[in-house]
Amino acid sequence: MSIPRHHIIRRAAIAVALALAFLAVPQWSALAQYRLGPEDRVRLKIYEWRASRDMIFEWTALNDEFTVGADGFMSLPFVGPVRAAGQEPVELSRTIADLLVRSMNLGMAPDVAVEIVQFRPFYITGEVMEPGDFPYRPGLTVLQAVSLAGGLRTRRDHLERVERELIGSRGEVSLLHVNRIGLLARKARLEAEFEGSGEITFPPELVERRSDNVGAILMDQERAILEARRSGLEAQLKALSDLRVFLERESEALKKQLDLLDQQIASLESEIANIGSLVQKGLAIASRQMELERALLELRSDRVAGETALLRAQQDISRTEVSILELQSNRDNEVASELRNVQAELNEIERRMDTALLLVRDSEAYLPMALTEMEARARKPRFVVVRQGISGAEEIEADENTALQPGDTLVVELPLAAMLPEQVMEPHSVDRHDGPNTTRETRLR
């Protein structure tokens with residue numbers, strides 16, 4: 001039985017469509033053996049010839065882009081998870097076609113084309129300017145990958161970085177040193193203030209730096225602060241003392257006033273007794289006695305008011321004395337707290353200075369080696385490609401023209417030149433101020 005001519009034409013159309021789908025991938029011949037992996041993105045083209053309807057049916061639900069997941073599977077409509085990792089595009093197309101036949105009960109497998117639209121990235125690390133991950137493109141070589149990463153990190157780059165670090169470390173050491181002598185001066189002032197002394201005993205490290213403008217200024221400032229705080233405290237104490245003296249005088253005056261009232265009350269009581277006996281004898285009128293009794297009541301009322309005023313004055317005296325004690329106690333507590341804080345800051349600065357000095361020494365030791373090495377010879381980079389294979393990761397020695405694959409990790413190394421003998425034993429000294437003594441440490445490069 002011969003096949004109708006129009007069937008032959010339609011089958012030819014399907015073949016052309018699938019061929020165009022395969023040709024859409026750049027340099028497909030170079031990637032024929034490429035095996036898919038996680039992060040690869042593919043586009044499916046699925047067509048089916050249906051002879052009963054004399055038409056080419058397009059599986060629009062599946063003609064889309066899909067990404068291979070981290071587990072190596074793609075999730076497709078009608079089919080479900082399909083393992084894509086480790087398969088070539090042609091193998092994956094056959095797998096999808098077989099799964100469609102089984103899941104959809106098809107009489108004949110549809111034509112499936114798998115097109116790679118985005119490859120998984122490759123990675124570059126080591127002596128390059130911008131290490132990281134980059135999009136892969138077909139035909140990528142080691143030299144092109146290095147250019148994508150900004151090129152090789154030259155010894156000049158190392159040298160400039162070390163020089164910047166050295167300048168920054170030296171600046172930090174200088175700043176920390178200034179902060180340290182400032183804290184030492186402040187600590188000496190607080191100790192004098194806590195002991196109630198009017199003179200500050202500065203540590204020898206500061207006294208020996210009298211010619212240093214910074215040290216002299218700091219000591220003068222602390223002396224001025226001590227005098228200002230001492231004057232302020234004395235002024236507050238004097239005001240409270242004057243108030244106490246005034247209250248004590250007021251209290252004495254109230255006591256004298258109460259004595260006078262007592263004498264007046266006693267005299268008036270005696271007079272009332274005499275008037276009372278005369279009234280009983282008819283020698284005096286009763287109204288006179290009543291006037292005297294009213295006067296006696298007023299005197300007694302005045303005495304009660306005087307006693308109240310005396311008690312209030314004595315209470316104010318007690319409060320003033322408490323305020324004096326609180327003022328002195330609060331100042332002592334404040335100074336003690338500041339002393340603890342200053343000591344904690346000094347300890348922290350000491351630790352930071354040790355670290356900064358170590359960085360300075362290391363940078364100063366490294367600079368001559370870097371400069372000598374840079375002038376000695378230009379280094380040839382070494383390239384190693386780490387590629388995941390079936391049996392695991394393998395390292396491949398490469399050169400500038402080696403082709404990379406998606407998922408590869410390119411390691412760029414710049415071998416170090418041999419150190420010159422005179423650099424190994426060259427001494428290096430750094431001044432270090434520790435308390436009153438200045439030591440000079442020597443370190444071999």
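Residues numbered from 1 in each chain as written. Predicted model: local features only at pLDDT ≥ 70, side-chain atom pairs only at ≥ 80, totals over all residues. Heavy atoms only, no water.

Take the confidence of the model for the protein next. When pLDDT is averaged across the protein, the result is 79; 79% of the residues are at 70 or more. Low pLDDT, under 50, characterises residues 1-10; the stretch is placed with seven contacts to residues that sit more than four places away or in other chains. Note that pLDDT drops below 50 for residues 418-445; the model gives that stretch 65 contacts with residues more than four away or on any other chain. (pLDDT = per-residue confidence, 0-100. Contact = heavy atoms within 4.5 Å.)

Turning to the environment of glutamine 328, a few remarks are in order. As for its position among the elements, glutamine 328 is in helix 7 (residues 286-376). Here the alpha-carbon distance between glutamine 328 and leucine 233, two residues 95 residues apart in the chain, equals 8.3 Å. (Helix = DSSP H or I, 4+ residues; strand = E, 2+ residues; numbered from the N terminus.)

Let us look at the packing of aromatic side chains. Across all of its chains, the model carries five aromatic pairs by this definition. Arranged with centres 6.3 Å apart and planes meeting at 75°, the rings of tryptophan 59 and phenylalanine 78 form a pair that is edge-to-face. A residue pair is termed long-range when its members are at least 10 positions apart, and tryptophan 59 in the loop between strand 2 (55-58) and strand 3 (65-67) and phenylalanine 78 in the loop between strand 4 (73-76) and strand 5 (80-83) qualify at 19 residues. Residue tryptophan 59 is classed as buried on the basis of its relative accessible area, which comes to 7%. (Phe/Tyr/Trp six-rings, centres within 6.5 Å; stacked < 30°, edge-to-face > 60°. Buried < 20%, exposed > 50% of the residue type's maximum accessible area, 1.4 Å probe, protein only.)

What follows deals with the pairing of strand 1 (residues 41-50). Pairing geometry for strand 1 and strand 3, over three bridges, is antiparallel. Among the inter-strand pairings, valine 42 is bridged to a residue of strand 3, identified as phenylalanine 66. Relative to strand 2, strand 1 is paired through four bridges, and the arrangement is antiparallel. The partner of glutamate 48 across the bridge, within strand 2, is phenylalanine 57. Counted between consecutive antiparallel strands, the loop separating strand 1 from strand 2 contains four residues, among which aspartate 54 sits at a positive phi close to 55°. (Pairing = 2+ DSSP bridges.)

This brings us to the nonpolar core. In this structure, Leu76, Ile96, Ile124, Leu404 and Leu410 are the most contacted members of the largest nonpolar core, which totals 39 residues. When residues of this core are traced back to their parent elements, those giving at least two are strand 1, strand 4, helix 2 (89-104), strand 6 (111-118), strand 7 (122-126), helix 3 (142-148), strand 9 (382-389) and strand 11 (409-413). Looking at this core element by element, the count peaks at four residues for helix 2. Residues within four places of leucine 410 in sequence aside, it is in contact with Tyr123, Ile124, Thr125, Val142, Ala145, Val146, Phe383, Val384, Val385 and Leu404. (Core = buried A, V, L, I, M, F, W, Y, C linked by side-chain atoms within 4.5 Å.)

With that settled, the discussion passes to the environment of arginine 153. Of note, arginine 153 is situated in the loop between helix 3 and helix 4 (155-195). The partly exposed category is assigned to arginine 153, whose relative accessible area is 24%.

Bringing the pattern of salt bridges into the picture now. The final tally for this structure, using the stated rule, is 26 salt bridges. The partner of arginine 41 in a salt bridge is glutamate 65, and the shortest N-O contact between them spans 3.0 Å. Placement of arginine 41 in strand 1 and of glutamate 65 in strand 3 is noted, with a sequence separation of 24 residues between them. Look at arginine 41 and you get partly exposed, because its relative accessible area is 27%. Notably, a salt bridge pairs glutamate 397 with arginine 382, separated by 2.6 Å at the nearest N-O pair. Taken as a pair, glutamate 397 in strand 10 (residues 392-398) and arginine 382 in strand 9 lie far apart in primary sequence, 15 residues in all. Among the residues examined, glutamate 397 registers a relative accessible area of 51% and is labelled exposed. With a relative accessible area of 33%, arginine 382 lands in the partly exposed category. Three or more residues are tied together by salt bridges with common partners; here these are Arg189, Glu193, Glu222, Arg229, Arg331 and Glu334. (Salt bridge = Lys/Arg side-chain N within 4 Å of Asp/Glu carboxyl O.)

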